[in-house]
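Survey of secondary and tertiary structure
Now for the letters of each chain:
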Amino acid sequence: MDQYDIIIAGSGAAGLSLAYYLSLSPLLQNRRILLIDKDLKQDNDRTWGFWTKSPTAFDEIVSFRFSQAEFISREFAAIMPLAPYSYQVIEGIHFYKHIKERLALFPNIRFLLEEISEITSGVNTALVRTTENTYQASLVFNSCLIKKEITEEAKKGLYLRQHFKGWVINTPQPCFDTGNIRLFDFRTPQDGKMRFFYLIPQSSRRALVEYTLFSADLLEPEAYDNAIEIYIKEVLQIKEYTITDREWGTIPMTTYPFPAKHSKRVLNIGTAGGTVKPSTGYTFLRIQQQSKQIIQLLEKQKEPVAPALSPPRFRLYDEMLLNIMDKDGGCSEEIFSQLFRNNPVQRIFKFLDEETTFTEELAIMNSVPRKKFIKSFLNLKLKTPFS
């Protein structure tokens, strides 16, 4: 049986990020490390967008940067300067390639293309079984979401899914403003659930057009394509275009507290370890934060269980909004229109980054339909009065 110091189960954003920071640590970079995934990660299967006012570890592979953002609804529209923030986009293919090139410098770090079937923990070691073999390590960091766990445990709390499909389209004529990222465009039928379009201009003739929904159930596959086609032709008024790439994904939006510690020798990371912010789905920078915390604990020879990323009051704010999306998602256009109309975008970003003071949070709460949030708060407290 092959023995390692660390096994990373799953080589998506969380697994690769943790491996990357391990390789940067003089104290940890010589550990025997195994990454296991059933996918080679050779396709541009996703993009990660995020706002930041500080440099990140991946500045050199950022594909697109925006200094302005656009919000559009049937109630309100604005183009908003973002400084001191910028909105950045990293394409999956560049992220995978960049990290793999870094890790290839270390012969002690190995990639394995196998499907994981089971992870078990003993007193001193953990076992990772694949469909082909069994591997042993002192620590296993698991980024693989177990569907059974989501359906049986996460649904005990509020549980929605952010599901999205995007087309990258090319147009024969210039159609896109490369200076603006379109964060929200609500000009699509809501049908009782939060739905909007997200548009990333990659050039004046090329853009990612993405249809995003927040709901418990997925649509039929053709429904996403139909909505995108209508948006391009009727809202963007683009008659001629070619589709050069597609992306699809789902993110669990839940109040379920995914445990950072599965057992003594198995720790959860990424979505499985609670990095997704429930009200937005943004996770990329939170993964970086969690990975750095784990490295610091390992370097100090402490148990590498990263603390919860969100303070309790922010978890309550997320829960209130998620409850509204679940019960009355069609009103999301009104809520977000008032949010962006009544607040500078910098305050919104600071709030979503969970860096605001309580005074700033009161200003946010007073800027949106208060009755809806009071009702949501009371509804939640009637269900769980001692939480």
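This report concerns the structure included in the present document. (Residues numbered from 1 in each chain as written. Predicted model: local features only at pLDDT ≥ 70, side-chain atom pairs only at ≥ 80, totals over all residues. Heavy atoms only, no water.)

Take the side chain of Glu210 next. Structurally, the position occupied by Glu210 is in strand S15 (residues 206-215). No salt bridge forms around the buried Glu210; measuring N to O, its nearest opposite-charge neighbour Arg46 is 9.3 Å away. (Helix = DSSP H or I, 4+ residues; strand = E, 2+ residues; numbered from the N terminus. Buried < 20%, exposed > 50% of the residue type's maximum accessible area, 1.4 Å probe, protein only. Lys, Arg positive; Asp, Glu negative; His and termini not counted. Salt bridge = Lys/Arg side-chain N within 4 Å of Asp/Glu carboxyl O.)

Note that strand S1 (residues 2-9) and strand S11 (residues 134-142) share seven bridges and pair parallel. Directly across from Ile7, in S11, lies its bridge partner Val140. Direction of pairing for S1 relative to strand S2 (residues 33-37): parallel, over a ladder of four bridges. Residue pairing in the sheet places Ile7 in a bridge with Leu34 of S2. Between S1 and its parallel partner S2, the chain crosses via helix H1 (residues 13-24), and the hand of that crossover is right-handed. (Pairing = 2+ DSSP bridges. Right-handed = clockwise from strand over helix to strand, strands pointing away.)

The next point concerns the packing of helix H6 (residues 312-328) against helix H9 (residues 358-365). The geometry of a pair of packed helices is captured by two quantities: the angle between their axes and the separation between those axes. Remark: H6 packs on H9, axes separated minimally by 13 Å, with the N-to-C direction vectors making an angle of 10°. It follows from the interaxial angle that H6 and H9 lie roughly parallel. In this structure, H6 uses Arg313, Phe314 and Tyr317 to contact H9, whose residues at the interface are Phe358, Glu361 and Met365. A breakdown of the residues in the contact of H6 with H9 according to their chemical character gives four nonpolar, no polar and two charged. (Axes fitted to C-alpha atoms, helices over the stretch in contact; angles between N-to-C directions. Parallel < 35°, antiparallel > 145°, perpendicular 65-115°, else oblique. Contact = heavy atoms within 4.5 Å. Nonpolar A, V, L, I, M, F, W, Y, C, P; charged D, E, K, R; others polar.)

The next subject is the packing of aromatic side chains. Remark: the centre distance and the inter-plane angle together describe each pair of aromatic rings, the angle taken between the planes. A complete count under the given rule lists 34 aromatic pairs for this structure. Seen from their ring centres, Phe184 and Phe336 are 5.2 Å apart, and the 40° between their planes marks the pair as tilted. Highlighted residues: Phe184 in strand S13 (residues 180-185) and Phe336 in helix H7 (residues 332-342), separated in sequence by 152 residues. Judged on exposure class, the residue Phe184 and its partner Phe336 are both buried. Between Phe197 and Tyr231, the aromatic rings sit 3.9 Å apart at their centres with planes inclined by 5°, giving stacked as the arrangement. Of the two residues, Phe197 sits in strand S14 (residues 194-203) while Tyr231 sits in helix H4 (residues 221-235), which places them 34 residues apart along the sequence. Looking at Phe197, the relative accessible area reads 0%, which means it is buried. Each member of the aromatic cluster is reached from another via a ring pair, and the members are Tyr20, Tyr21, Trp48, Phe50, Phe58, Phe95, Tyr96 and Phe284. (Phe/Tyr/Trp six-rings, centres within 6.5 Å; stacked < 30°, edge-to-face > 60°.)

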